[in-house]
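The chain contents come next:
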Amino acid sequence: MLGWDELEKCCQQCKRCSLYKSRNKLVFGSGNKKAKLVFIGEGPGQEEDKTGIPFVGRSGQLLDKILEAVNIKREDVYIANIVKCRPPGNRDPLKEERDACLPFLRNQVALIRPGIIVCLGRVAAQTIIDPDFRISKDRGRWIERKGYFLTATYHPSALLRDPARKREAWEDFKLIKEKLDSL
Ligand code: URA
């Protein structure tokens with residue numbers, strides 16, 4: 001396991017898959033390195049690729065609003081993605097891209113040792129929790145694995161596309177906050 005500085009350097013130099021060729025900035029992850037709660041998204045979008053910071057575009061702004069509504073401070077959590085370089089045209093990251101990048105995320109989680117990991121959307125849930133995970137059916141359930149409480153909810157971009165799902169997401173986030181308070 002690498003320490004933070006070495007890990008970030010390694011990511012910045014990474015050529016384990018071809019996404020590095022088209023990226024502008026690598027999006028390493030950001031937030032509190034002692035967080036009890038880690039959010040995992042899918043991969044950088046256009047704004048994230050420009051800034052190098054996860055969840056700063058429209059999805060990120062919605063995530064910020066949701067966090068504020070349930071009284072969770074963004075500076076108290078850590079946010080990262082399944083892949084650290086933007087897939088061209090925001091396509092889903094391919095299996096080989098996810099597999100190549102995952103050891104970096106695992107290293108980050110091992111350094112943080114949060115109590116809770118929340119997957120945002122299908123790609124993160126299927127990569128981290130279960131390859132057959134279906135957000136509409138399995139969201140909001142909690143499992144305990146290797147000392148972490150894991151759950152998944154809608155990706156904010158899904159909520160932007162279909163605001164009717166916000167009510168379910170709100171229920172999920174209330175439970176996330178309860179779980180956080182119970183740690
Ligand atoms: N969508 C994601 O999954 N991650 C980001 O960082 C931004 C948008």
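As shown above, the structure is provided for reference.
Residues numbered from 1 in each chain as written. Predicted model: local features only at pLDDT ≥ 70, side-chain atom pairs only at ≥ 80, totals over all residues. Heavy atoms only, no water.

1. Here we look at helix α9 (residues 166–182)
- The first and last C-alpha atoms of α9 sit 24 Å apart over 17 residues, in line with the 24 Å expected at 1.5 Å per residue.
- Three or more residues of α9 are buried, namely A169, D172, F173, I176 and L180. Buried residues along α9 cover an arc of 95° about the axis, so they all sit on one side. Exposed residues on α9 whose side chains face more than 90 degrees from its buried face are R167, E178, D181 and S182. (Helix = DSSP H or I, 4+ residues; strand = E, 2+ residues; numbered from the N terminus. Expected span 1.5 Å × (residues − 1). Buried < 20%, exposed > 50% of the residue type's maximum accessible area, 1.4 Å probe, protein only. Arc of directions from axis to C-beta.)

2. Quick word on the site of the ligand
- All residues adjacent to the ligand are G41, E42, G43, E48, P54, F55, N81 and H155.
- In the model, an oxygen atom of the ligand is placed 2.7 Å from a nitrogen or oxygen of the E42 main chain.
- A distance of 2.8 Å separates an oxygen atom of the ligand from a polar side-chain atom of H155.
- The protein chains hide 92% of the 240 Å² of surface that the ligand would expose on its own.
- Residue classes in the shell around the ligand are distributed as two nonpolar, four polar and two charged. (Near = heavy atom within 4 Å. Polar contact = N/O pair within 3.5 Å; in protein donor to acceptor, adjacent residues only side chain to side chain. Areas by Shrake-Rupley, 256 points an atom, 1.4 Å probe, with all protein chains shown as cover. Nonpolar A, V, L, I, M, F, W, Y, C, P; charged D, E, K, R; others polar.)

3. Overview of the sheet that holds strand β5 (residues 143–145)
- The strand order β1-β3-β2-β4-β6-β5 describes an open sheet built from six strands, whose pairing is mixed. A single partner strand is all that each edge strand has here, and the edge strands are β1 (30–31) and β5.
- Sheet analysis places strand β2 (residues 37–41) next to strand β3 (residues 78–81), joined by four bridges and oriented parallel. Bridged to G41 within β3 is N81.
- Contacts between helix α5 (residues 95–112) and the sheet are confined to β2, β3, β4 (116–120) and β6 (148–153), with β3 contributing the most and set at about 165° to the helix.
- Here α9 sits on the sheet and contacts β2, β4 and β6; the angle it forms with β6, its principal contact strand, is near 165°. (Pairing = 2+ DSSP bridges. Contact = heavy atoms within 4.5 Å. Axes fitted to C-alpha atoms, helices over the stretch in contact; angles between N-to-C directions.)

4. Some thoughts on the pairing of β6
- Among the six residues of β6, five are classified as buried, and the element is accordingly described as predominantly covered.
- Judged from the five bridges that link them, β4 and β6 form a sheet pairing that is parallel. Within β6, the position partnered with I117 by the bridge is L150.
- For β5 and β6, the ladder comprises three bridges, and the chain directions are antiparallel. The residue of β6 that forms the bridge with I143 is L150.
- Count of turn residues in the β5/β6 antiparallel hairpin: two residues, of which K146 carries a positive phi of about 50°.

5. Observations concerning the environment of I40
- With respect to the helices and strands, the residue I40 is situated in strand β2.
- Take I40: its relative accessible area is 1%, and that puts it in the buried class.
- Linking I40 and E144, residues 104 residues apart in sequence, is a C-alpha distance of 16 Å.
- Excluding anything up to four places from it in sequence, I40 contacts A80, N81, I82, L105, I117, V118, C119, L120, A124 and I128.

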